[in-house]
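Observations on the model geometry
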There are 2 protein chains.
Amino acid sequence: MRHKGILIVVSGFSGAGKGTLMKKLLETYDNYALSVSMTTRSPREGESDGVEYFFSTKEVFEKEIESGGLIEYARYCDHYYGTPKAYVEEQLLLGKDVILEIEIQGALKIKNRFPEALLLFVTPPSIAELERRLTSRGTETKEVIKKRLLRAAEEAQGIDAYDFLVINDDLERCVQEIHEIVTASRNAPFRNTEFMNHIKEELEALSKGEN
Amino acid sequence: MRHKGILIVVSGFSGAGKGTLMKKLLETYDNYALSVSMTTRSPREGESDGVEYFFSTKEVFEKEIESGGLIEYARYCDHYYGTPKAYVEEQLLLGKDVILEIEIQGALKIKNRFPEALLLFVTPPSIAELERRLTSRGTETKEVIKKRLLRAAEEAQGIDAYDFLVINDDLERCVQEIHEIVTASRNAPFRNTEFMNHIKEELEALSKGEN
């Protein structure tokens, strides 16, 4: 059985450790490609074009919207964020499983447009742990942390729409778990329509054929 | 995360090798329990009560139907076949993943009644291989083989309702694949409602709590 790649959408509470997980997943297995988003916000210190984001002007971004060059996009705090289509499609055709790290609203848009996408939601083992992780960064004010927890409360309402829940309690174990979920997901009937149609046609031919 | 067991329904074309697969799966991993069906047909040579089937009279079987003691049942060629409920529930509560080996109509009934059941469909890698396996048994007439292939053609139409497709080309690999599918399936949000509700409540409390 040959497969085209799977479009994987990964969401999770801020502080759930998505970034570290994805980095480790890409280092460990060679079947994944990480989609890089396009944004109109300015690069922060240490960020490079094409690595964290493709940095773009408002004009270029809006042209991409018009020409259908983005799989999805959203506007936050006066900046655009979106997923360029070309790279994703190219990698899927090469058989790579393409990961979009995207928040919950974008994830649901993707699922709507690509029902065969695989939606994973990453959560820490507990809210106490989530608070601890957000606090231990030491870079965020109490207010920002509070805001993220409020946002998490909103996001939690949408988790049921995800295909799988991944509890990030141990990095190595969790990376392996994600890989096993992706591997198992290749066996969904709707990801094997070619094989299934072939089997159905052969059986159909037999049942109409010689006695 | 603790889980109650998963109710696993396994179907597949006659000749797909389900029996051998299930035997090997149960030998290899200790989290499975195989449900034994009840039937009113007579035991064949080598079959023992409680192993291949629970053999029962028509009267006893019909009493079980009336008292709700069967998860599902069907009538073929003047004989009843059904799944006793007590054993399945007992094993699920013990945390065992309980396997029902059942044909497609029964499987769809189960899915209807227990939406959280996991439905697996086993198929050989090709129809040529299916024919070869049916023929090589040497115990079936051409007519019987033809009948099974016709039945397979009918069954193939229902595969889309299954959660996963398993292609039985290599016994060891296939047993491992089934185990990985079951393991991954534990991560579906609807199989983790207790954990999810706990997270939601905690976040809810935080967002209503102190500033």
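Residues numbered from 1 in each chain as written. Chains lettered and ligands numbered in written order. Predicted model: local features only at pLDDT ≥ 70, side-chain atom pairs only at ≥ 80, totals over all residues. Heavy atoms only, no water.

A word on the packing of aromatic side chains
Residue and element names in this part refer to chain A. Applying the stated criterion to the full structure yields 18 aromatic pairs over all chains. A centroid spacing of 6.0 Å and a plane angle of 55° characterise the contact between tyrosine 53 and phenylalanine 55, whose relative ring orientation is tilted. We note that tyrosine 53, like phenylalanine 55, is buried. Among the aromatic side chains, those forming a connected cluster through ring pairs are Tyr53, Phe55, Tyr76 and Tyr81. In this arrangement the basic side chain of arginine 75 is found over the ring face of tyrosine 80, its NZ or CZ atom lying 4.7 Å from the centre. (Phe/Tyr/Trp six-rings, centres within 6.5 Å; stacked < 30°, edge-to-face > 60°. Buried < 20%, exposed > 50% of the residue type's maximum accessible area, 1.4 Å probe, protein only. Lys NZ or Arg CZ within 6 Å of the ring centre and 35° of its normal.)

Overview of the packing of helix α1 (residues 18-28) of chain A against helix α7 (residues 171-185) of chain A
Between two packed helices, what matters for the description is the angle formed by their axes and the separation of those axes. All names here are of chain A. Following both chains from N to C, one finds α1 and α7 inclined at 65°, their axes separated by 10 Å at the closest point. Regarding the angle of α1 to α7, the classification is roughly perpendicular. Of the two elements, α1 crosses α7, and the hand of that crossing is right-handed. Across from Thr20, Leu21, Met22, Lys24, Leu25 and Thr28 in α1, the residues of α7 making contact are Leu171, Glu172, Cys174, Val175, Ile178 and His179. (Axes fitted to C-alpha atoms, helices over the stretch in contact; angles between N-to-C directions. Helix = DSSP H or I, 4+ residues; strand = E, 2+ residues; numbered from the N terminus. Parallel < 35°, antiparallel > 145°, perpendicular 65-115°, else oblique. Left-handed = near helix turned anticlockwise from the far one by under 90°. Contact = heavy atoms within 4.5 Å.)

Comments concerning the nonpolar core
Counting 107 residues, the largest nonpolar core has Phe13(A) and Phe13(B) as the members making the most contacts within it. Beyond its immediate stretch of four places on either side in the chain, Phe13(A) contacts Lys18(A), Phe121(A), Val122(A), Thr123(A), Pro124(A), Leu130(A), Ala152(A), Glu155(A), Ala156(A), Ile159(A), Ile199(B) and Leu203(B). (Core = buried A, V, L, I, M, F, W, Y, C linked by side-chain atoms within 4.5 Å.)

Some remarks on the relation of the copies chain B and chain A
Taken as rigid bodies, chain B and chain A are interconverted by a rotation of 180° and an axial shift of 0.0 Å, the fit giving an RMSD of 0.1 Å. Given the turn and translation reported, the copies of this chain are related as if by a two-fold rotation axis. With an isologous cut-off of 70% or more, the 100% of interface residues of chain B that recur at the interface of chain A puts this contact in the isologous class. (Least-squares fit on C-alpha atoms with pLDDT ≥ 70 in both.)

What to know about the pairing of strand β6 (residues 79-84) of chain A
Each regular strand carries side chains that alternate between the two faces of the sheet. Residue and element names in this part refer to chain A. Summarising burial for β6: five of the six residues are buried, a large majority. Inspection of the sheet shows strand β3 (residues 37-39) paired to β6 by two bridges, in the antiparallel sense. Bridging from a neighbouring strand, methionine 38 pairs with glycine 82 of β6. Both strand β5 (residues 70-76) and β6 contribute to a ladder of five bridges, which runs antiparallel. In the sheet register, leucine 70 faces β6, and the bridge partner there is proline 84. Linkage of β5 to β6, two consecutive antiparallel strands, is achieved through a turn of two residues, within which cysteine 77 is found at a positive phi near 45°. (Pairing = 2+ DSSP bridges.)

Structural notes on the sheet that holds strand β8 (residues 118-123) of chain B
Residue and element names in this part refer to chain B. Spatial ordering of the open sheet is given by β2-β7-β1-β8-β9, a layout of five strands whose pairing is parallel. Each having just a single partner strand, β2 (32-34) and β9 (164-167) make up the two edges of the open sheet. Neighbour-to-neighbour, the strand axes of this sheet turn through a mean angle of 30°, independent of strand direction. Where strand β1 (residues 7-12) lies against strand β7 (residues 97-101), four bridges are found, and the strand directions are parallel. Paired with valine 9 across the bridge in β7 is leucine 100. Of the strands in this sheet, β1, β2, β7, β8 and β9 are in contact with helix α7 (residues 171-185), which crosses β9 at around 165°.

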